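Coordinate analysis (summary)
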Amino acid sequence: MDLRLLRTPAKTYRRAKIICAIGPSCQDEEIILAMLDAGMNAVRLNLSHGSHEYHGRTVENLRKALRRRPGTQCAILMDTSGPEVRTGPLKPHLEDTGVNIVAGATLKMVSDADYLGDEKCIGCNYPELPTHATEGKRILVADGDLELTVISVHPQGTVDFRIPFIVVRAENACQLGSKKNVHIQGSNMMVDGITEKDRFDLQHFATKYDVDIISGSLINSAKNIQALRSFCPPRTRIHAKIETLEAVKNIDEILEAADGIHVSRGDLGMDLDLEKVSIAQKMIIRKTVAAGKPVVISTQMLNSMIVCVNPTHAECSDVANAVLDGTDAVMLSGETASGQHPVEVVRIMKRIVTEASRAIEHGQRDNVHQWLLPAKMPVNPFNSSPRTSAAIIAASTVQTSENVNAALIIIDECAEGDGTLTLQVARCRPQAVICAICSLDKTAAQLEGLSYGVVAVVVSPGELPLTPSTVESAFPKIFCRKECAVGKQGTIVCLFKLTEGPVKYVQRVITLNWEGGVGLFDGNDSTHPREFGRRTSAASGGG
C-alpha cells in the first residue's frame, strides 16, 4: 500500500454528489447559499412534512441563491409521501420538543391520522392497524428508533374510547416527533397504486415549481413507477425509493421502469433483518450502475451531527464505503433539515467523498491500488446490458479517453436534451471528468445534481447547434468551471449526436497546447479567453 494516500490532503475533483434535505434548520436563503458553496448538489423536499407554501418558499430561496452563483447547478428532488404508514401530529405544545416515551410505558395507538398525540396516545394514518397489529407483534417507529410490542387489540374501540386502537409497550426510551414512519414486522402494509395525496402533490406542487426529480416512496413494482409518471411534469425523472423486502425482490423490474434508485436504509432496515441491509445496498448499487442510472444512498449517514459538531469515525467510513462501492450520490436527511450544523455537515461530507474519489483515482491509475476500486461495473461495457447504440458509443468514448489519457470528456446533450449519452458515459466510471453541454437548465440540474463525475454547462439558443467543428465556442463556459481545468498540454474527447445524415455519433479528440497556466481563463472573467496555443484534433464517426 502507498502510504502517501494517508499522508497527503485530497486534491481531486469530487465525483459522488451530495443531496441535502431542507427543513427548519436551513430553509433561509443565506444558509442555502452557504450549503451550495460547501458542496450541496441537490435539495430534497419531503412532502410528508410541511405544506406546499412551506416547500414553495424553499424553492424560491434556492433559486434566489442560485442567481447569486451563476453557472452553479442544483437539482430539486421531491419526495412523495407514498402509501406510507406514519404516526399522526402531536399536540401543539409538543410539536417542537416531541413526546418523551419512557421505556416500559404503555400507550395507545389509534387508527386516526388527525389525532393529536401525547405521551399516553398517538395517532396513526393506517386504518387497518388493529387488523395487522396482532397481539405480541413488534412495531418499529421512526426508522426503528422506537420499538413497541402489541399488548392488546381493540378493533371496535371501548365504551370510553370509541376509536379503534391498540395498546403497546415501549421497549426503549425515545423522544418521538410527529409523522414518523411505522412498520409492523411480518405484515404486508402496502397500499396499491398512487395515493390521492401524491396525485395532488404532483399536480399542484411538482408541476407548479417544475421540480427536476420525483423520488417515489414505497415503490414495490414497475406499476408504481408508471402511475407516478402519468402525473409528472415533462422531462421530470422518476426515482424509486427501495424501502421494503418486496421492492428488493422486484429490483430488476423497478430498475427497468425507473430513472434512478434510492436505497432508503432506514425504512429498508425495518423490513429486512438489520444484518442484511448492507448486502442489499451493495447489490442495488451494482445493478443500478450497470444499468446506467443514478443510485443514491441515504439515511443516518452522518446522523450524530444532528447534535454534534463532528461525526463518528464509523459514520465517516459508512459514507466513504458507499462511494467506494460506486454510488452516484449520498444524502443528508435530518443532519441538514433539523440539525444544528447544516453547513458544516455538508463540508465534512464533501471532505469524505472527495477523499474516497481520490482513492478510486489511485486505483484506476495503477495496479498497486486495484483494491481501492469498486467492483468493475459493468465488467465489459461493450458486452453487458443495455446494448443500445448510445451505450456502445459511450463505452467507446470512455475507451478513447483512457487511451489518450484525456482530462475531460465533453458530451453534447443539446440534440435531444434527455441526458442519455452522459448517463451511459458515467456508467463506465471514466478517469476523466465528464462535462455535459446542455440547452435546458432542467437537464443540466438533473445530470450534475445526481450523476457520478458529471459537470453540466448550459448554453444559450444563440450558441446552437453545437457541432464537432463549433464545439470550441462553448469552451469559455466549460473552462470557467474549476472541475474542468485542463493542463498546459491537455487532451479532450468530445462526443456528439448528429440529427442529420447517416452517421449518428461523432467523436472528436482535441489536443490543447496553452500558452498560459492550467485552464483557459481567469476565474473572475468568463468573457475574455486567453490566447489559444496550437490545437490538433481528430474526428471519428460511429453509429
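Look up a bit, the structure's there.
Note that this is a predicted model, so its numbers are computed, not measured. (Residues numbered from 1 in each chain as written. Predicted model: local features only at pLDDT ≥ 70, side-chain atom pairs only at ≥ 80, totals over all residues. Heavy atoms only, no water.)

Details of helix α15 (residues 420-427)
Counted residue by residue, α15 has 7 buried out of 8 residues, so it is predominantly covered. Where α15 is concerned, the buried positions are Leu 421, Thr 422, Leu 423, Gln 424, Val 425, Ala 426 and Arg 427. In the segment just after α15, Arg 429 is the residue with positive phi, at about 50°. (Buried < 20%, exposed > 50% of the residue type's maximum accessible area, 1.4 Å probe, protein only. Helix = DSSP H or I, 4+ residues; strand = E, 2+ residues; numbered from the N terminus.)

Description of the packing of helix α2 (residues 29-38) against helix α3 (residues 52-67)
Between α2 and α3, the shortest axis-to-axis distance is 9 Å and the interhelical angle comes to 55°. Taken together, the axes of α2 and α3 are oblique relative to one another. The interaxial crossing formed by α2 with α3 has right-handed handedness. Where α2 abuts α3, its residues Glu 29, Ile 32, Leu 33 and Leu 36 lie against Thr 58, Asn 61, Leu 62, Lys 64, Ala 65 and Leu 66. (Axes fitted to C-alpha atoms, helices over the stretch in contact; angles between N-to-C directions. Parallel < 35°, antiparallel > 145°, perpendicular 65-115°, else oblique. Left-handed = near helix turned anticlockwise from the far one by under 90°. Contact = heavy atoms within 4.5 Å.)

As for the sheet that holds strand β12 (residues 213-216)
Within a sheet, neighbouring strands are paired by backbone hydrogen bonds and run either parallel or antiparallel to one another. Pairing is parallel around the closed barrel formed by 8 strands, whose spatial order is β1-β2-β3-β12-β13-β14-β15-β16. Ignoring which end each strand starts from, the neighbouring axes of this sheet average 25° apart. Relative to β12, strand β3 (residues 75-79) is paired through 3 bridges, and the arrangement is parallel. Looking across to β12, one finds that Asp 79 is bridged to Ser 215. (Pairing = 2+ DSSP bridges.)

Considering α3
The end-to-end C-alpha distance of α3 is 22 Å, a good match for the 22 Å that 16 residues give at a rise of 1.5 Å each. If you check which residues of α3 are buried, you get His 52, Tyr 54, His 55, Gly 56, Thr 58, Val 59, Asn 61, Leu 62, Ala 65 and Leu 66. Elements in contact with the buried residues of α3: α2, β2 (42-46), β3 and α5 (196-209). (Expected span 1.5 Å × (residues − 1).)

Examining the nonpolar core
By size, the foremost hydrophobic cluster in this structure holds 71 residues, and its most contacted members are Met 40 and Met 349. Examining the composition of this core, we find that 9 residues originate from one element, helix α13 (residues 342-365), more than from any other. Ignoring any residue separated from it by four or fewer positions in sequence, one finds Met 40 in contact with Ile 18, Cys 20, Ile 22, Ile 32, Met 35, Cys 74 and Val 346. Residues Tyr 126, Leu 129, Ala 133 and Leu 148 belong to the second largest nonpolar core, which totals 25 residues. (Core = buried A, V, L, I, M, F, W, Y, C linked by side-chain atoms within 4.5 Å.)

Description of the packing of helix α14 (residues 389-403) against α15
In the contact formed by α14 and α15, the axes pass within 8 Å of each other and the chain directions differ by 55°. The pairing of α14 with α15 is recorded here as oblique in orientation. The hand of the α14/α15 crossing is right-handed. Counting all contacts with α14, which are made through Ala 390, Ala 391, Ile 393, Ala 394 and Val 398, the residues of α15 involved are Thr 420, Leu 421, Gln 424, Val 425 and Arg 427. Looking at the contact of α14 with α15 residue by residue, the class counts come to 7 nonpolar, 2 polar and 1 charged. (Nonpolar A, V, L, I, M, F, W, Y, C, P; charged D, E, K, R; others polar.)

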